[in-house]
Amino acid sequence: MKRFVIFLFAVAAVCGINSCDALDIQNENGLSTGMFWKTQDDINSGLNAVYGMFYRQGTWTRNIYTQLNGMADDGVSYAGWTELSEWTKFKFTDYNFNECNVKMWKEHWTAINRANQVLDHIDDTSIAFDSEEHRLDMKAQALWLRSFYYFYMVAMWDNVPLTMKTSSASDQPANTKDDPTAQADIVFTQIETDLNWAIEHLPLERTKEVARPTKGAAYGLLAKVYMQHKKWQEAEKCLNWIVEGEGKSVYSLEPKWEDNFNCKTENNCESLYEIQFSLTNYVGFDQTDNYLDANAQVGTQIEVNQSPKGTGWNNIECNRWVVDWFKREKTIDGKNDPRLFYTCWYAQAEADFPEHPNQLIYGKAWNEYRYSATDNQRVFIKKYSTGVTPLYYWNDNNFRSIRLADMLLLYAECLNELNGGPTSDAVRYMNEVRTRVGLPEIAKSSYYDGAAITSDYAAFKEHIKVERALELAFECVRWIDLKRWGFDETTVSELKTRDADFDNFALGKNERMPIPQSDCDNNPNLWQNPNY
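Residues numbered from 1 in each chain as written. Predicted model: local features only at pLDDT ≥ 70, side-chain atom pairs only at ≥ 80, totals over all residues. Heavy atoms only, no water.

Summed over all chains, the structure comprises three cavities of 30 Å³ or more. Empty space within the largest cavity amounts to approximately 80 Å³. Around the largest cavity sit 13 residues that line it, and Phe151, Lys224, Val477, Ile480 and Asp481 are the ones nearest its centre. At the level of secondary structure, the elements contributing two or more residues to the lining of the largest cavity comprise α5 (132–157), α7 (215–228), α13 (404–419) and α17 (478–485). Classifying every residue of the lining of the largest cavity gives seven nonpolar, one polar and five charged. (1 Å grid on protein atoms, 1.4 Å probe; cavity = no way out; pocket = protein on both sides within 12 Å on 5 of 7 lines; lining within 4 Å. Points joined across faces, edges and corners; volume = space filled by probe spheres on them. Helix = DSSP H or I, 4+ residues; strand = E, 2+ residues; numbered from the N terminus. Nonpolar A, V, L, I, M, F, W, Y, C, P; charged D, E, K, R; others polar.)

As structure tokens, then:
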């Protein structure tokens with residue numbers, strides 16, 4: 001608490017006092033923990049501050065898309081900012097690279113600490129809530145948000161300390177010295193505990209304030225955690241609730257696949273959770289770094305970040321194999337997979353999709369960009385674009401963090417693991433994702449060996465990797481999938497055939513990013529990840 005000591009020097013001629021008093025008063029122009037956390041409104045304001053961390057450069061405004069999509073095999077960076085590009089290619093030179101590593105590390109921790117502040121006070125019996133149900137809902141939201149940020153920290157660094165209380169300047173949280181996966185297991189176990197509690201207290205649906213998670217969002221995130229933790233039975237229970245249980249009354253596949261990435265069809269029937277973006281505060285480029293501005297930007301830079309060469313930043317784009325894989329199969333009416341049209345921009349798109357004539361990229365046809373022969377082979381990311389002209393720093397297209405198609409493919413994968421081979425349900429869930437976009441059921445595929453895929457454990461597992469690559473490209477999912485499936489000499493050799501970035505991948509090192517060295521230097525309990 002800030003204390004302001006005021007000495008009153010009396011002048012007899014003015015007030016007749018011939019002494020001085022020291023007054024200990026609260027600065028009413030600032031907030032402290034002594035003044036705050038007194039009311040339900042304080043708790044709600046603290047909770048909203050956790051949501052506010054979605055709108056930072058190190059979280060879901062920009063940088064995480066470049067990093068997660070870039071480290072995966074479907075994304076590649078040719079960014080003019082060399083160090084930014086190298087960080088997606090496993091060339092980690094400066095561990096304190098601010099634009100990427102430091103911002104992401106710092107801002108994920110800020111979100112977690114804000115959630116911890118809420119959780120440290122929400123059980124205070126002196127605070128009056130309008131109902132116990134509302135209090136428990138708010139607590140569940142804080143647990144869900146903390147779990148969400150820890151999940152992505154583990155995806156990037158593995159070896160992150162587990163902090164459960166509000167941090168102080170003297171804190172020195174610890175991780176493990178030699179076994180990052182052991183620390184990841186500790187964090188996953190806590191996430192599982194928190195989300196199981198949250199499930200009991202979150203509502204099935206929200207008719208307003210849809211930015212707040214529901215029971216389905218908690219089941220979906222918990223399913224992802226259990227899958228990474230390879231707890232197949234526990235994952236199956238979560239996925240069953242979503243696909244066949246109570247969640248079935250809430251979630252279904254959106255008939256038009258592309259509506260999952262359209263700013264006019266947000267929070268649709270396929271969405272379990274999405275980060276809400278808005279252009280309400282139509283302000284300048286740097287506003288996401290201003291923590292003190294109440295009018296800071298709440299939009300996303302995903303579009304300008306991945307825009308084609310000659311338009312925006314072009315920090316991340318698509319590896320060519322994604323187009324080739326999409327074109328392996330035709331739909332039942334003989335056309336190319338429509339997901340390709342809405343996922344990628346590339347030179348041959350007009351020929352591949354004559355049903356979409358006069359294709360424009362931010363107001364210009366491909367040939368109007370006058371790319372070189374080399375650049376004409378590049379593939380740019382179209383998913384989440386709005387086509388606004390001229391391209392602006394920000395857009396308001398929500399990011400769909402958890403959607404049903406992801407859950408269906410995870411359920412198929414989970415059942416294959418549980419049963420040592422694909423069950424009829426596993427095949428059915430895979431087919432639901434395929435037939436929604438007009439592809440034949442996998443048993444009738446003209447390209448893949450449907451008989452093997454529908455009967456053999458290894459064949460089904462390998463094909464799930466294909467289906468997830470195409471359905472979920474550039475949704476910050478692929479790197480997490482690769483980690484779940486595991487890296488060894490065989491898998492890395494295969495990855496090198498379609499993504500040259502993996503030529504730089506060192507087993508036992510690059511399964512995770514380095515921790516910012518400045519934090520390791522300042523905290524004797526924080527170990528740098530192995531081989532860095």
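Okay, the confidence of the model for the chain next. This prediction gives the chain a mean pLDDT of 92; 92% of its residues lie at or above 70. Least confident of the elements in the chain is strand β1 (residues 3–7), whose mean pLDDT is 26; most confident is α13, at 99. Counted against residues more than four places away or in other chains, residues 1–25, with its pLDDT under 50, gives 30 contacts. (pLDDT = per-residue confidence, 0-100. Contact = heavy atoms within 4.5 Å.)

Inspection of the entire model under this criterion finds 49 aromatic pairs. Between the NZ or CZ atom of Lys139 and the centre of the ring of Trp197, over which it lies, the distance is 4.9 Å. Its end group placed over the ring of Trp321, Arg498 keeps NZ or CZ at 5.2 Å from the ring centre. (Phe/Tyr/Trp six-rings, centres within 6.5 Å; stacked < 30°, edge-to-face > 60°. Lys NZ or Arg CZ within 6 Å of the ring centre and 35° of its normal.)

Moving on, we get to the environment of Arg378. Within the secondary structure, Arg378 is located in the loop between α12 (349–352) and β7 (380–381). On the basis of relative accessibility, which here comes to 13%, the residue Arg378 falls in the buried class. Residues Arg378 and Phe341, 37 residues apart in the sequence, show an inter-C-alpha distance of 15 Å. When residues no more than four places from it in sequence are discounted, the contact partners of Arg378 are Tyr78, Lys309, Asn314, Glu317, Arg320, Trp345, Tyr346 and Trp366. Polar side-chain contacts of Arg378 include one of 3.0 Å to the side chain of Asn314. Of note is the side chain of Arg378, whose polar atom sits 2.7 Å from the side chain of Glu317. (Buried < 20%, exposed > 50% of the residue type's maximum accessible area, 1.4 Å probe, protein only. Polar contact = N/O pair within 3.5 Å; in protein donor to acceptor, adjacent residues only side chain to side chain.)

On to the nonpolar core, then. Phe54, Trp60 and Trp144 are the most contacted members of the largest nonpolar core, which totals 145 residues. The greatest single-element share of this core, amounting to 16 residues, is contributed by α5. In terms of nonpolar packing, the next biggest core, distinct from the first, is built from seven residues, Ile361, Tyr362, Tyr371 and Phe380 among them. (Core = buried A, V, L, I, M, F, W, Y, C linked by side-chain atoms within 4.5 Å.)

Applying the stated criterion across every chain, the model contains 42 salt bridges. Here Lys165 and Asp120 are joined by a salt bridge, their closest N and O atoms 3.7 Å apart. Residue Lys165 is found in the loop between α5 and α6 (180–199), and its partner Asp120 is found in helix α4 (residues 98–121); the two are separated by 45 residues along the sequence. A residue is classified by how much of its surface remains accessible, and Lys165, at 58% relative accessible area, is exposed. Residue Asp120 is classed as partly exposed on the basis of its relative accessible area, which comes to 29%. Linking Lys483 and Asp158 is a salt bridge whose minimum nitrogen-to-oxygen distance equals 3.0 Å. (Salt bridge = Lys/Arg side-chain N within 4 Å of Asp/Glu carboxyl O.)

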